[in-house]
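Overview (structure and organization)
Spelled out, the chains give:
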Amino acid sequence: MAVEDAQVQSFLFYKVGTAIGISGVIWYFRGTIMHHIYHRMFAWFMNRITDRMNRGLWRKKERLFEVVKDYKEKVNKDLSILEVGAGTATNLKFFPSNTRLTCLDPNPHFAGYIENNLKTTDTVVQAEIVQGFAEKMPLEDNKFDVVVCTLVLCSVTDVSKSLQEIKRVLKPGGIFLCLEHVAAEKNTWTWTFQCIANPFHYYIGDGCLTKRDTELYLKDATFKELQVERFMSKSLPFWLKPCILATASV
Ligand SMILES: C[S@@+](CC[C@H](N)C(=O)[O-])C[C@H]1O[C@@H](n2cnc3c(N)ncnc32)[C@H](O)[C@@H]1O
């Protein structure tokens with residue numbers, strides 16, 4: 001065997017073999033890696049950026065949560081609120097006084113951040129943290145006056161199922177509100193960039209899709225009194241700027 005052939009074979013055997021071996025180990029332990037490393041890092045990252053994102057979305061969130069305050073006055077009682085995909089519970093400052101809050105999130109590494117944030121608010125009188133997915137909430141029917149989600153429907157695996165679950169856990173007459181980034185109008189520069197960014201964003205954003213047309217899903221879910229307002233966010237990266245504020249009731 002020529003010296004060059006032997007070198008190629010040795011390269012294939014050791015280097016490529018090692019690369020395949022390492023990839024195999026990563027693939028085999030992908031669940032553990034996702035749970036202990038990726039999801040922990042994602043929770044840490046969200047905690048670092050949510051205050052900044054909140055500052056940019058502040059006025060819109062104030063408008064959105066005005067609806068909750070009006071609803072509280074209308075029903076004249078303290079409210080039980082479910083925050084789906086709560087993350088670090090960045091919306092605490094917007095809740096009305098005496099709120100009984102349930103934070104639902106599949107990522108258990110958010111719990112510590114939620115507990116810390118709860119210590120800084122006086123709007124919430126009772127809180128529970130539940131680990132679970134929007135598509136199959138481990139929660140009773142007709143339990144909440146209000147369900148909220150902000151920047152979550154872009155990440156759930158099944159939007160229609162999640163919206164049906166939201167309707168299930170809302171009391172009759174209860175309200176649903178969301179603030180979501182959505183797909184831009186087709187064939188615009190933003191939409192083109194959303195298409196390019198989508199696969200990368202999905203991996204760095206824990207399953208977040210840049211070009212989901214959430215408004216269509218909301219219309220299909222047959223809520224009562226659905227109102228949707230489109231706006232361009234100032235604080236999100238430009239491929240996430242097209243956003244909606246939506247309110248609905250059941
Ligand atoms: C971009 S973060 C937004 C967090 C928070 N709502 C906020 O506004 O800062 C998306 C959140 O959705 C959660 N999430 C992802 N998939 C979900 C699912 N299927 N059901 C419920 N929450 C989900 C993530 O764990 C994460 O907390």
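Computed from a prediction, not measured in an experiment: that's the story for all the values here. (Residues numbered from 1 in each chain as written. Predicted model: local features only at pLDDT ≥ 70, side-chain atom pairs only at ≥ 80, totals over all residues. Heavy atoms only, no water.)

Side note on the pattern of salt bridges
To keep things clear, this is the line we draw: Definition used for salt bridges: Asp or Glu carboxyl oxygen within 4 Å of a side-chain nitrogen of Lys or Arg. Strands are runs of DSSP state E lasting at least two residues, helices are runs of H or I lasting at least four, and both sets are numbered from the N terminus onward. Classification of residues uses two cut-offs on accessible area relative to the type maximum, computed with a 1.4 Å probe and protein chains only: under 20% is buried, over 50% is exposed, and between them is partly exposed.
Summed over all chains, the structure comprises nine salt bridges. Close ionic contact of Glu-165 with Arg-168 constitutes a salt bridge, the shortest N to O distance being 2.7 Å. With Glu-165 and Arg-168 both in helix α4 (residues 159-169) and three residues apart, the pair spans about one turn of that helix. On the basis of relative accessibility, which here comes to 24%, the residue Arg-168 falls in the partly exposed class. Look at the salt bridges and you will find they share partners, linking Lys-60, Arg-63 and Glu-229 into a network.

With respect to the side chain of Asn-107
Stated precisely, the cut-off is as follows: Polar contacts, as counted here, are pairs of nitrogen or oxygen atoms within 3.5 Å of one another; within protein the pair requires one atom able to donate a hydrogen and one able to accept it, and residues that are adjacent in sequence qualify only if both atoms are side-chain atoms. Contacts are assigned to residue pairs with any non-hydrogen atoms lying within 4.5 Å of each other.
Inspection of the secondary structure assignment puts Asn-107 in the loop between β2 (99-105) and α3 (111-119). Here His-39 takes part through its backbone oxygen, which lies 3.0 Å from a polar atom of the side chain of Asn-107. Within polar-contact distance, the side chain of Asn-107 engages the backbone nitrogen of His-109 at 2.9 Å. In this structure, Asn-107 is in contact with His-39, Phe-42 and Ala-43, ignoring residues within four places of it in sequence.

Section: the environment of Asp-213
On the secondary structure map, Asp-213 appears in the loop between α5 (189-204) and α6 (214-220). For the pair Asp-213 and His-181, spaced 32 residues apart in sequence, the C-alpha separation works out to 9.0 Å.

Concerning the site of the ligand
Worth spelling out the cut-off: Distances are taken per atom, and a residue is near a molecule or strand as soon as one of its heavy atoms is within 4 Å of it. Per-residue and other accessible areas follow the Shrake-Rupley method at a 1.4 Å probe size, with only the shown protein chains counted as cover for residues. In this classification, the charged set is Asp, Glu, Lys and Arg, the nonpolar set is Ala, Val, Leu, Ile, Met, Phe, Trp, Tyr, Cys and Pro, and all remaining amino acids, among them Gly, are polar.
Lining the immediate environment of the ligand, one finds 18 residues, of which Gly-85, Asp-105, Ala-134, Glu-135 and Thr-150 sit closest. Here a nitrogen atom of the ligand sits 2.8 Å away from a polar atom, N or O, in the main chain of Gly-85. The contact in question runs from an oxygen atom of the ligand to an N or O atom on the side chain of Asp-105, over 2.6 Å. Relative to its unbound accessible surface of 590 Å², the ligand loses 94% to contact with the protein. For the shell around the ligand, the class distribution of residues is nine nonpolar, seven polar and two charged.

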